[in-house]
Amino acid sequence: MVKSISELGSDDLVQAGLPINEAKDFELVLKQTMSSTKATAGELWRQIVAQRLLKPSHPHELHQLVYYSVYADWDVSNKGPPPYWFPSLYQSRHTNLGRLMEVHGSQLLGTSYKDPITSFGLFQKFSVQNPEAYWSILLKELSISFREAPKGILDRTEKLKHGGLWLPNSVLNIAECCLLPTRHPRKEDHSVAVIWRDEACDESAVDHMTLKELREQVMLVANALDHDTTFSKGDAIAIDMPMTVSAVIIYMAIILAGYVVVSIADSFAVNEIATRMRVSKAKGIFTQDFILRGGQKFPLYSRVVEAAPCKTIVLPGIGNSVRIQLREQDISWNDFLSSVNHLPRKNYYSPVHQPVDSMTNILFSSGTTGDPKAIPWTQLSPIRCAADSWAHIDTQVGDVFCWPTNLGWVMGPVLLYSCFLSGATLALYHGSPLGRGFGKFVQDAGVTILGTVPSLVKAWKSTECMKGLDWTKIKSFASTGETSNVDDDLWLSSRAYYKPILECCGGTELASSYIMASPLQPQAFGAFSTKSLTTGFVILDESGVPYPDDQACVGEVGLFPLYMGATDRLLNADHEEVYFKGMPMYNGMQLRRHGDIIKRTVGGYFIVQGRADDTMNLGGIKTSSVEIERVCDRSDESILETAAVSVAPVNGGPEQLVIYVVLKKGFDTKAAELKTKFSRAIHSNLNPLFKVSFVKIVAEFPRTASNKLLRRVLRDQMKHELSVRSRM
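Residues numbered from 1 in each chain as written. Predicted model: local features only at pLDDT ≥ 70, side-chain atom pairs only at ≥ 80, totals over all residues. Heavy atoms only, no water.

Undergrad: Could you give an account of the overall build of the protein, naming the residues involved and the relevant values?
TA: Scanning the protein for helices and strands turns up 24 helices and 35 strands. The C-alpha radius of gyration computed for the protein amounts to 26 Å, which stays within 12% of the reference 27 Å derived for 728 residues, consistent with globular compactness. Reported as C-alpha extents along the three principal axes, the dimensions of the protein are approximately 75 × 75 × 60 Å. Out of the 728 residues belonging to the protein, those deemed buried represent 57%. Summarising the internal contacts of the protein: among those between residues at least 6 apart in sequence, 67% fall at separations of at least 24. Carbon and sulfur atoms make up 51% of the accessible area of the protein, which totals about 29,800 Å². Measuring between centres, the 75 positive side-chain charges of the protein sit 1 Å from its 76 negative side-chain charges. (Helix = DSSP H or I, 4+ residues; strand = E, 2+ residues; numbered from the N terminus. Rg over C-alpha atoms; globule rule 2.2 N^0.38 Å. Buried < 20%, exposed > 50% of the residue type's maximum accessible area, 1.4 Å probe, protein only. Contact = heavy atoms within 4.5 Å. Areas by Shrake-Rupley, 256 points an atom, 1.4 Å probe, with all protein chains shown as cover. Lys, Arg positive; Asp, Glu negative; His and termini not counted. Charge placed at Lys NZ, Arg CZ, Asp CG, Glu CD.)

Undergrad: Now, about the nonpolar core: what can you tell me, with residues and values included?
TA: In terms of nonpolar packing, the biggest core is built from 108 residues, with Leu97, Leu225, Met252, Phe286, Phe336, Tyr417 and Phe420 touching the most fellow members. Examining the composition of this core, we find that eleven residues originate from one element, helix 12 (residues 245-256), more than from any other. In contact with Leu97, not counting residues within four places along its chain, are Phe120, Phe123, Trp390, Ala391, Leu520 and Leu533. Counting residues in hydrophobic clusters, the runner-up holds 51 residues, among them Trp74, Trp85, Ile195 and Leu456. (Core = buried A, V, L, I, M, F, W, Y, C linked by side-chain atoms within 4.5 Å.)

Undergrad: Give a description of the packing of aromatic side chains that names residues and reports values.
TA: In this structure the tally under the stated criterion is 24 aromatic pairs. Plain terms: the ring middles of Phe268 and Trp409 are 5.4 Å apart, the flat faces sit at 65° to each other, and that makes the pair edge-to-face. Residue Phe268 is located in the loop between strand 8 (260-263) and helix 13 (270-280), and its partner Trp409 is located in the loop between strand 17 (400-402) and helix 17 (411-420); the two are separated by 141 residues in the primary sequence. Residues Phe537 and Phe606 carry aromatic rings whose centres are separated by 5.4 Å and whose planes lie at 65° to one another, so their mutual orientation is edge-to-face. Pair noted here: Phe537 is in strand 25 (residues 537-540) and Phe606 is in strand 30 (residues 606-611), with a separation of 69 residues, a long-range link. Each of the two residues, Phe537 as well as Phe606, counts as buried. Among the aromatic residues, ring-to-ring pairing joins Trp45, Tyr67, Tyr68, Tyr71, Trp74, Tyr84, Tyr498 and Phe525 into one connected group. Seen from the ring of Phe364, Arg276 lies directly overhead, with NZ or CZ sitting 5.3 Å from the centre. We note Lys531 situated over the ring of Phe537; from NZ or CZ to the ring centre the distance is 4.8 Å. (Phe/Tyr/Trp six-rings, centres within 6.5 Å; stacked < 30°, edge-to-face > 60°. Lys NZ or Arg CZ within 6 Å of the ring centre and 35° of its normal.)

Undergrad: So, the sheet that holds strand 35 (residues 692-697): which residues are in play, and what are the values?
TA: The strands that make up a sheet are held in pairs by hydrogen bonds between backbone atoms, and each pair lies either parallel or antiparallel. The three strands are arranged 33-34-35 in an open sheet whose pairing can be described as mixed. Of all the strands in the sheet, the pair left with one neighbour each is strand 33 (639-647) and strand 35. For this sheet, the mean angle separating the axes of adjacent strands, direction not counted, is 25°. Both strand 34 (residues 656-663) and strand 35 contribute to a ladder of five bridges, which runs parallel. Among the inter-strand pairings, Val658 is bridged to a residue of strand 35, identified as Phe694. Contacts from helix 23 (residues 671-685) reach strand 33, strand 34 and strand 35, with the element oriented near 135° to strand 35. (Pairing = 2+ DSSP bridges. Axes fitted to C-alpha atoms, helices over the stretch in contact; angles between N-to-C directions.)

Undergrad: Got a sec to walk through the side chain of Asn361? Specific residues and values, please.
TA: Mapped onto the secondary structure, Asn361 falls in strand 15 (residues 359-365). A distance of 2.7 Å separates a polar atom in the side chain of Asn361 from a polar atom in the side chain of Tyr251. The contact partners of Asn361, leaving out residues within four places of it in the chain, are Tyr251, Val260, Val261, Val262, Ser263, Ile375, Pro376, Trp377 and Pro413. (Polar contact = N/O pair within 3.5 Å; in protein donor to acceptor, adjacent residues only side chain to side chain.)

Undergrad: Pulling in residues and values, what's your account of unusual backbone geometry?
TA: With an omega dihedral of -5°, the bond running from His184 to Pro185 counts as a cis peptide bond. Residue Lys281 is not a glycine yet carries a positive backbone phi of 60°. Mapped onto the elements of the fold, Lys281 is located in the loop between helix 13 and strand 9 (284-288). A residue is classified by how much of its surface remains accessible, and Lys281, at 62% relative accessible area, is exposed. Here the phi dihedral of Ala511 falls at roughly 60°; this positive angle occurs in a residue that is not glycine.

Undergrad: Could you give me a rundown of the pairing of strand 25, with the residues and numbers involved?
TA: The side-chain alternation of strand 25 yields two buried faces, one formed by Phe537 and Ile539 and the other by Val538 and Leu540. Sheet topology note: the strand 25/strand 26 (residues 553-559) ladder contains four bridges and is antiparallel. Its bridge partner lying in strand 26, Phe537 is registered against Leu559.

Undergrad: Explain the environment of Ile639 residue by residue, including any values.
TA: Structurally, Ile639 is set in strand 33. Spatially, the C-alpha atoms of Ile639 and Lys664 are 5.8 Å apart, while their sequence positions differ by 25 residues. When neighbours within four sequence positions are excluded, Ile639 is seen to be in contact with Cys632, Asp633, Val661, Val662, Lys664, Leu674 and Phe678.

Undergrad: Provide a residue-level description of helix 4 (residues 60-70), including the pertinent values.
TA: Looking at helix 4, one finds that the buried residues are His60, Leu62, His63, Val66, Tyr67, Ser69 and Val70. In this structure, the buried side of helix 4 is in contact with helix 1 (10-15), helix 2 (20-36), helix 3 (41-50), strand 1 (83-85), helix 19 (454-463) and helix 20 (486-494).

Undergrad: Summarise the sheet that holds strand 19 (residues 449-452); cite the residues concerned and give the values.
TA: Strand order in the open sheet formed by nine strands is 6-5-18-17-19-20-21-22-24, and the pairing between neighbours is mixed. Every interior strand has two partners, whereas the edge strands, strand 6 (207-210) and strand 24 (530-531), have only one. Bridge count for strand 5 (residues 192-198) against strand 6 is four bridges, and the pairing is antiparallel. Paired with Ile195 across the bridge in strand 6 is His208.

What follows is the structure, encoded as structure tokens:
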């Protein structure tokens with residue numbers, strides 16, 4: 001039983017890790033704060049945080065004790081999740097969105113406009129109903145320059161496109177927009193565009209590259225691409241390597257020169273690389289010889305060679321030159337760059353300008369069939385993701401933005417554009433983010449926005465590897481990819497005197513998040529405080545009927561189809577069937593399928609409950625049950641069939657992979673043995689980041705009358721079992 005805050009004494013504080021003298025002083029200040037504060041728990045917590053009574057150096061047990069004691073009597077069912085962070089009016093007016101609202105609020109909302117905090121909800125609804133007004137303002141806030149200006153913001157007359165035509169007839173090169181200096185946002189040639197550090201160089205100064213240096217490197221690679229006779233304009237060219245400075249340069253160069261990036265994560269097994277190369281029809285690939293991570297060398301070129309017969313440009317993972325034998329058709333990075341040494345202006349390139357709906361990047365998201373969905377990003381996609389980052393994460397000129405990710409996942413391009421289109425500095429750590437070396441980089445680079453995934457935070461907290469580091473320059477955290485755990489988030493926020501963790505949830509096909517946090521609203525751990533700007537949706541009951549907007553409920557989300565930056569086609573699947581077929585109409589619009597089951601709480605927060613289909617989220621990576629089952633079915637001769645589901649732990653946190661098994665007659669294989677074999681098979685054939693948590697052998701699977709497997713029933717059974725175990 002958690003004590004209420006008024007019952008805490010110095011003995012409790014000592015038990016939480018404070019020395020006796022410090023505990024007595026802490027108790028005195030705590031009692032004074034309580035006596036001078038209004039009775040509400042939220043106001044008391046706000047004062048404790050404002051006074052910096054709890055410090056990053058304090059034991060986590062003390063943070064837990066105080067937070068849970070303050071909210072011991074909080075009634076979640078009537079009040080919603082308890083808030084831990086509150087915006088001030090002063091802070092709100094200095095955010096990107098707050099400034100925009102102060103300038104345009106009265107004009108757009110009339111006398112209803114009060115201030116950025118009071119009027120945020122009203123402004124969000126206005127942006128949904130009047131996207132043309134919002135985007136016409138927002139485009140001036142990002143460094144977007146058109147070769148041919150759009151004929152308007154949105155053409156709603158194209159009936160074949162549910163989402164309308166955005167920025168019709170405009171022509172630009174989005175990579176050029178990233179690389180050119182602009183007055184607003186203030187980007188100058190000498191501005192620091194990228195900072196980085198290599199793993200195991202913890203005591204070295206942080207490396208940096210100015211905007212001018214970045215532009216010249218990108219243009220050098222663009223010239224080398226044009227000089228290579230393998231490639232023709234519009235060809236798809238893959239990148240399969242860690243998200244290093246070189247990877248960022250290559251990504252920008254491919255788009256600047258009018259080619260298309262194919263994004264492949266460096267953790268993929270051979271057959272997953274081969275599938276993505278085949279589906280995208282990639283003509284070449286950039287990779288590294290080895291990956292250096294956690295002090296170990298992992299082969300990468302050998303995986304790519306086995307997967308792809310096409311031309312490969314190979315960068316060194318360590319040092320300045322590749323030290324392995326290459327195939328005849330392949331070329332080292334140094335030789336690739338030196339091919340344009342004869343050019344008088346090898347660091348200058350005239351960008352290829354294209355219509356706004358031209359494809360720039362092919363990303364992949366797992367479907368419920370064997371092949372992953374090939375999702376084309378156009379030049380609208382970067383604008384959307386940068387705009388959401390600008391408005392919701394408050395990415396500003398002068399910020400240093402770090403988010404451990406990869407160009408093979410949607411967060412890689414999102415991070416890149418969020419920085420380069422808003423004037424922030426991109427911070428990259430060339431190595432594993434799991435250890436202290438990464439944390440020291442965050443400290444030394446002066447990171448102001450740190451993006452995470454919950455499983456990463458859990459690892460930092462459990463290993464205590466960040467102890468003693470100074471993360472107090474961080475103004476906000478961001479989190480995506482998985483369901484957050486409240487206690488892990490408490491630990492993370494406390495590292496920077498309880499700065500907000502801005503939650504984001506969306507999809508590759510949206511190029512953005514449909515639910516997010518906002519620095520203009522109070523924040524609660526593990527919850528989303530708002531629909532993103534210009535995003536409308538309803539929550540549907542089991543009959544497909546929308547719940548009222550102000551009602552607490554749980555159901556499948558149905559997105560409004562007018563969604564700037566969202567896909568209108570897929571390369572290897574029927575877009576209409578995947579996202580619209582079978583979805584209900586609402587106010588004359590056919591809703592767009594996303595697949596999440598979300599909960600709207602009392603107080604208006606959102607919490608993601610899982611997937612409506614059989615796609616699951618493992619370690620921040622969306623994958624399908626079918627993919628995992630395909631690999632597991634072949635891993636042992638005793639298996640008749642498998643069913644893969646994911647469940648969230650009882651106390652919250654990342655989803656856990658559970659595999660149900662039906663054995664062939666006459667076999668008596670044990671679950672522990674199968675768990676080892678499944679883990680090995682998934683590691684080799686799918687992704688080494690996927691971990692098998694439980695294996696359960698059953699006599700048969702539940703099925704529909706038409707013999708379709710009911711994974712949801714299995715998922716519910718495991719949730720119940722875990723719940724019973726947690727109470728034992």
